[in-house]
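# Examination of the molecular architecture
One letter stands for each residue in the lines below.
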Amino acid sequence: MESNYYLYCVTPKNNRNNELKLIGHDGKEVFIISYRYLSAFVSKTNKSSYETNLDNLQLHEKVIEQIMNNNSVLPMRFSSICKTRDDVKLMLRKYYSQFRENIKKVDNKVEMGIKIFYKIENEDYEKISNISSGKDYMMKRFYMFEDWKNKIQPVLDKTRNIHNRLSTKSCDSRFTNPLKNNLIFNGAYLVSKDEVDKFSEIVSEIKNQYTEFKIIFSGPWSPYNFVFIKQAGDGDE
Amino acid sequence: MSDLAQQEKDITLLELLDRLLDKGIVLYGDLTISIADIDLIYLGIRLVIGGMDSLTREK
């Protein structure tokens, strides 16, 4: 028997959403649980967690994308599950004002993503690889670090220029420089729906200009990077 | 599966992992009972990075 509720997203309440016919995990129908002006999109499940694989992730995202067409959407993290219908309502009640604030912020906007990959070749300090002491070893590590630092800085400066250009066409943005596995820049941009084309044009220009980078452009996403809930929601009740 | 198709799949997976497991609304504790399986997440990321590495080397 399916007694748990898998959560996909929270939206403003909208009676037209009752006509949406969506299929969620395990082929179950997606339906709405509402509290005042908010709705949670859920499907019934007998599981208490879902395996992290491509199919399950894509299904979660696909359901949200369809809802996103006609709604401002606050996406839930993958595999968020409530035990009872009352818990879903309680969640909407407990975080009511925070949900409403977030909806206001992302209303009529989508998230676009930019990832930049670049391989930084490190000099091989073989000339001092004939390590005979701890000091030699430390010197080698020091030279390698200096070399890497000198090479990475101009690359980071370029990603900062790219970020600045993209920021001018977005309402909000986030980025990190992971510098791991050739991923040197990971950015997310909150873009008005009617600015998406302009934003995409700028990305094309950037791709043509920085051919040394592998740039992955993705979107429109629901605003995963721009929704924030403080856990101490008790004051909302 | 061709290398290109595999790469596309890896990129899709990376983008999804990046958002669905790391971002979005998460409510720990009292109301929700599940946070996705951590071990599997890391396994997934390693697979993806392998694909990315070959993708950048190709250039």
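Residues numbered from 1 in each chain as written. Chains lettered and ligands numbered in written order. Predicted model: local features only at pLDDT ≥ 70, side-chain atom pairs only at ≥ 80, totals over all residues. Heavy atoms only, no water.

### Comments concerning the overall build of chain B
Worth spelling out the cut-off: Strands are runs of DSSP state E lasting at least 2 residues, helices are runs of H or I lasting at least 4, and numbering of each runs from the N terminus. Exposed residues in this analysis have more than 50% of their type's maximum accessible area, buried residues have under 20%, and partly exposed residues fall in between, with area computed by a 1.4 Å probe over protein chains only. Only the protein chains shown count as cover for residues, and all accessible areas are computed by the Shrake-Rupley method using a 1.4 Å probe.
When you go through chain B residue by residue, the secondary structure sums to two helices and zero strands. Buried residues in chain B amount to 47% of all 59 residues. Carbon and sulfur atoms make up 56% of the accessible area of chain B, which amounts to about 3200 Å² in all.

### Considering the sheet that holds strand β3 (residues 38-45) of chain A
Think of a sheet as strands paired side by side through backbone hydrogen bonds, with each pair either parallel or antiparallel. Residue and element names in this part refer to chain A. Using the following cut-off: Strand pairing follows a simple DSSP-based rule, namely that at least 2 bridges must link the two strands. What counts as an axis is a line fitted to C-alpha atoms, over the stretch in contact for a helix, and the angles between N-to-C directions run from 0 to 180 degrees.
An order of β2-β3-β1-β4 is seen for the four strands of this open sheet, with the pairing classed as antiparallel. Of all strands in the sheet, those bounded by a partner on one side alone are β2 (31-35) and β4 (74-82). Neighbour to neighbour, the strand axes of the sheet diverge by 25° on average, direction disregarded. Pairing geometry for β2 and β3, over five bridges, is antiparallel. Looking at the pairing, Y35 lines up with L38 of β3.

### A short note on unusual backbone geometry
Residue and element names in this part refer to chain A. The omega torsion across G219 and P220 is -5°, close enough to zero to call that bond cis. Considering the arrangement of structural elements, one finds P220 in strand β8 (residues 214-221). Of note in the backbone geometry, D26 takes a positive phi value of approximately 55° without being a glycine. Considering the arrangement of structural elements, one finds D26 in the loop between β1 (4-12) and β2. In this structure D26 comes out as partly exposed when scored by relative accessible area, which is 44%. The residue N108 is not glycine, and still its phi comes out positive at about 65°. Considering the arrangement of structural elements, one finds N108 in the loop between α3 (96-106) and β5 (109-117).

### Re the pattern of salt bridges
Going by this rule: By convention in these notes, a salt bridge is any Lys or Arg side-chain nitrogen within 4 Å of a carboxyl oxygen on Asp or Glu.
Tallying each qualifying case throughout the model produces 13 salt bridges over all chains. In this structure, R165 of chain A engages E205 of chain A in a salt bridge whose closest nitrogen and oxygen atoms are separated by 3.4 Å. On the criterion of sequence distance, the pair formed by R165 of chain A in helix α4 (residues 134-167) and E205 of chain A in helix α5 (residues 196-209) is long-range, its members being 40 residues apart. Residue K23 of chain B is joined to D22 of chain B by a salt bridge in which the shortest nitrogen-to-oxygen separation is 3.5 Å. Overall, K23 of chain B belongs to the partly exposed group, its relative accessible area being 24%. Note on D22 of chain B: relative accessible area 44%, which makes it partly exposed. When salt bridges with common partners are traced through the structure, they connect E111 and K115 of chain A together with E15, D18 and R19 of chain B into a single cluster.

### Considerations on the environment of V10 of chain A
Relative to the helices and strands, V10 of chain A resides in strand β1. For V10 of chain A, a relative accessible area of 0% gives the class buried.

### Observations concerning the nonpolar core
Residue and element names in this part refer to chain A. Rules: Note on terminology: a nonpolar core comprises buried Ala, Val, Leu, Ile, Met, Phe, Trp, Tyr and Cys residues joined through side-chain atoms within 4.5 Å.
Ranked by internal contacts, the top residues of the largest apolar core, which has 43 residues, are Y8, L57, I114, I116, L166 and F213. Looking at this core, the element that brings in the most residues is helix α1 (residues 54-68), giving six residues. In terms of nonpolar packing, the next biggest core, distinct from the first, is built from 25 residues, L7, M91, L92 and L190 among them.

### Focus on the pairing of β3 of chain A
Within a regular strand, the side chains alternate between the two sheet faces. Residues and elements named next belong to chain A. The element β3 is extensively covered by neighbouring structure, given that seven of its eight residues are classed as buried. Examined bridge by bridge, β1 and β3 share eight bridges and lie antiparallel to one another. In the strand pairing of β3, C9 is matched with F41. From the end of β2 to the start of β3, which pair antiparallel, there are two residues, and R36 there has a positive phi angle of about 50°.

### Re the confidence of the model for chain B
Residues and elements named next belong to chain B. Applied cut-off: Confidence of the prediction at every residue is given by pLDDT, a number between 0 and 100. What makes two residues a contact is simply this: any of their non-hydrogen atoms within 4.5 Å.
Overall, the prediction assigns chain B a mean pLDDT of 63, with 44% of residues at 70 or greater. Predicted confidence is poor over residues 37-59, with pLDDT under 50, and the contacts of this stretch with residues over four places away or in other chains come to 35 contacts. Both scores are given for the predicted complex: the pTM is 0.83, the ipTM 0.79.

### Here we look at the packing of aromatic side chains
Where we set the bar: Between the rings of Phe, Tyr and Trp (Trp by its six-membered ring), a pair exists once the centres lie within 6.5 Å; its type follows the angle of the planes, with under 30 degrees stacked, over 60 edge-to-face, and the other angles tilted. We call a charge positioned above a ring when the Lys NZ or Arg CZ atom is no farther than 6 Å from the ring centre and deviates by at most 35 degrees from the ring normal.
For the coordinates displayed, the defined rule picks out 12 aromatic pairs over all chains. Their ring planes at 55° and their centres at 6.1 Å tell us that Y95 of chain A and F99 of chain A sit as a pair that is tilted. Of the two residues, Y95 of chain A and F99 of chain A, neither departs from the other in class, the shared state being buried. Taken together, Y6, Y8 and Y50 of chain A form an aromatic cluster joined through their ring pairs. Taking NZ or CZ as reference, R19 of chain B lies 4.3 Å from the ring centre of W221 of chain A, over its face.

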